[in-house]
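One-letter residues, chain by chain:
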Amino acid sequence: MRDSRDTEKKKNADAEDPELHPAPIEFPLEWDTPMYRLAVDQLDQTAEQMNLDPNIWERLRAPQRAHVVSFPFRRDDYHTVETVYAYRVQHMLTMGPTKGGVRYDEGVNLGEVTALSMWMSWKCAIMNLPFGGAKGGVRINPHTLSSDELQRVTRRYTSEIIEVIGPDRDIPAPDLGTDERVMAWMMDTYSQQVGHAVPGVVTGKPIEIGGSHGRREATGRGVISCVTEACRDRDCSLANSSVVVQGYGAVGATAARLAWTLGAKVIAVSSVTGGTYNPNGLDIDAVDAWLQENDDDLTGFPDGDSVSNQELLELPCDILIPAAIQNQITEENAAALRCKMMVEGANGPTTLEADAILNDRDILVVPDILANAGGVTVSYFEWVQGLQQFFWSEEEVNRKLIDLMQSAYHSVDQLAKEKKVTLRTAALMRGIGRVKEAKHVRGVFP
Ligand code: GLU
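The structure presented is a predicted model; accordingly, all values stated were derived computationally and were not measured.

## Quick notes on the overall build of the chain
- If you tally the helices and strands in the chain, you get 15 helices and 12 strands.
- Compactness check: the chain gives a C-alpha radius of gyration of 21 Å against a globular reference of 22 Å for 446 residues, within 12% of the reference.
- Dimensions of the chain along its principal axes, counting C-alpha atoms only, are 65 × 55 × 45 Å.
- Looking at the 446 residues of the chain, the share that counts as buried comes to 56%.
- Restricting to contacts in the chain with at least 6 residues of sequence separation, those with at least 24 account for 68%.
- Charge-centre separation for the chain: the mean point of 44 positive side chains lies 5 Å from the mean point of 64 negative side chains.

Here you go:
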């Protein structure tokens, strides 16, 4: 039970009274997992520093809607039918439709999807996009599925969540383990159900059905524009820097290629199975060609030494870009990192404890909710282009993306300097602060 004094205090809450806190969460909640706790701990720490209105603080800890579904999925042999678990969580419906990717991964659970939906809320608010945060997940390993199987899972998942998605309700997009093909199947399934084509129900679609130029590269491009801005601020230059990238999906591969094109020495990259390291710099064309021929496996790549995904994080470099999965930089390895700057392409790669260690060691961390916001920003462009039926050139998309990333970076950086806090805290303050304003003006129903 909540402490009655807290309840009493909350009732008379004056938003600016620094004494007020919501009651601590009574765990376990249905979505209680380590990743959810990380998202809530970040919210709590930031709320404390902002003197956030405790009514809003408490409200933001929980998702507004969380859908858990299970469904049968027929394997290609036509005999085996598996039961699959899946989720769609909408954290906050205050600022417009909700927005966020769908991940296919065998470790997905309700807590992970909830945490990711909270981060989407802050990310959209930092970028001033008219969306709340959402996320979806299907608990399967997509790498073990044939294309037909992937299509069947996608169509059934879409049918199961069809009531809660839509171009003005909740708009899915790609995330870990999903891509343009998956978005095309989701769009088709939704459109079949409602009886007409609805391209705006998803973003990250193929160009042929209303996708945007530049969407596939958008997250990686946004990461690199944060690197460039952070370098500019510190009198260093990307062109003279050594870069390590963990993860070679859409985000990592684009970040590595752009860094390389801009003259940086990309000394190590990795995919799921491990990485390759060459202190003199890798040829990204050669890496791409190798991965294409060798089923995304860098083992045996001739122009580098093989390293594990964990070893790669500890290589000496100027800029480290974790662009794989969550929970990579922890209490265990934070003291061993040898980068000067870390720019988070993945969502949630750093634990709270690791964050404190990196801060003590004066390693600049550009946080996920700012660094990887380029993806959802171009998703927003895609949604707007679709609504207007007026499509932009790749050059225009990239220019608008870079403009928004630069101004978001500088506004967060300025806030960090003003408040003497880390970039992560400043980014959270900006995101949570904008959501708070929207909630205040809308008020409470009924
Ligand atoms: N999945 C991406 C993210 O985590 C993009 C979401 C979107 O485009 O809606 O930011």
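## Looking at the packing of helix α4 (residues 110-126) against helix α15 (residues 423-442)
- At their nearest, the axes of α4 and α15 sit 8 Å apart, and the two run at 85° to each other. Taken as axis vectors, α4 and α15 run roughly perpendicular relative to one another. Contacts from Ser121, Trp122, Ala125 and Ile126 of α4 reach α15 at Ala427, Leu428, Arg430, Gly431, Ile432, Arg434 and Val435.

## Remarks on the site of the ligand
- Taken together, 14 residues lie around the ligand, and Lys99, Lys123, Lys135, Asp175 and Ser379 are the ones closest in.
- Between the ligand and Asp175 there is a distance of 2.7 Å, counted from a nitrogen atom to a side-chain nitrogen or oxygen.
- Computed on the free molecule, the ligand has an accessible area of 300 Å², of which 95% lies beneath the protein chains in the complex.
- Among the residues forming the shell around the ligand, the class breakdown is four nonpolar, five polar and five charged.

## Some words on the sheet that holds strand β8 (residues 274-277)
- With mixed pairing, seven strands are arranged side by side in an open sheet as β9-β8-β7-β6-β10-β11-β12. Here the strands that pair on one side only, and so sit at the sheet edges, are β9 (305-307) and β12 (364-366). This sheet shows a mean twist of 20° between the axes of neighbouring strands, independent of strand direction.
- Two elements, strand β6 (residues 242-246) and strand β10 (residues 319-322), share four bridges in a ladder whose sense is parallel. What sits directly across from Val244, in β10, is Leu320.

## Looking at the nonpolar core
- Formed by 90 residues in total, the largest nonpolar core has its most connected members in Trp122, Ile321 and Val366.
- Among the elements that take part in this core, α4 stands out by supplying 11 residues, more than any other.
- For Val366, the residues in contact, after removing those within four places along its chain, are Cys226, Ala230, Met342, Val343, Glu344, Ala371, Tyr409 and Leu423.
- Core analysis: the next-biggest nonpolar cluster, separate from the first, contains 26 residues, Val102, Leu150, Tyr157 and Val202 among them.

## Regarding the pairing of strand β5 (residues 170-174)
- With four of five residues buried, β5 is to be regarded as a mostly interior element.
- The pairing of strand β3 (residues 98-104) with β5 spans five bridges and is parallel. Looking across to β5, one finds that Lys99 is bridged to Ile171.

## Re the side chain of Asn372
- The topology assignment puts Asn372 in the loop between α12 (368-371) and α13 (374-388).
- Its relative accessible area of 5% is what places Asn372 among the buried residues.
- Within polar-contact distance, the side chain of Asn372 engages the backbone oxygen of Ala346 at 3.2 Å.
- There is a polar contact of 2.9 Å between the side chain of Asn372 and the side chain of Asn347.
- Look past the residues within four positions of Asn372 in its chain and what remains in contact with it is Lys123, Thr219, Val223, Glu344, Gly345, Ala346 and Asn347.

Cut-offs applied
- Residues numbered from 1 in each chain as written.
- Predicted model: local features only at pLDDT ≥ 70, side-chain atom pairs only at ≥ 80, totals over all residues.
- Heavy atoms only, no water.
- Helix = DSSP H or I, 4+ residues; strand = E, 2+ residues; numbered from the N terminus.
- Rg over C-alpha atoms; globule rule 2.2 N^0.38 Å.
- Buried < 20%, exposed > 50% of the residue type's maximum accessible area, 1.4 Å probe, protein only.
- Contact = heavy atoms within 4.5 Å.
- Lys, Arg positive; Asp, Glu negative; His and termini not counted.
- Charge placed at Lys NZ, Arg CZ, Asp CG, Glu CD.
- Axes fitted to C-alpha atoms, helices over the stretch in contact; angles between N-to-C directions.
- Parallel < 35°, antiparallel > 145°, perpendicular 65-115°, else oblique.
- Near = heavy atom within 4 Å.
- Polar contact = N/O pair within 3.5 Å; in protein donor to acceptor, adjacent residues only side chain to side chain.
- Areas by Shrake-Rupley, 256 points an atom, 1.4 Å probe, with all protein chains shown as cover.
- Nonpolar A, V, L, I, M, F, W, Y, C, P; charged D, E, K, R; others polar.
- Pairing = 2+ DSSP bridges.
- Core = buried A, V, L, I, M, F, W, Y, C linked by side-chain atoms within 4.5 Å.

Taken by themselves, the reported measurements are silent on function.
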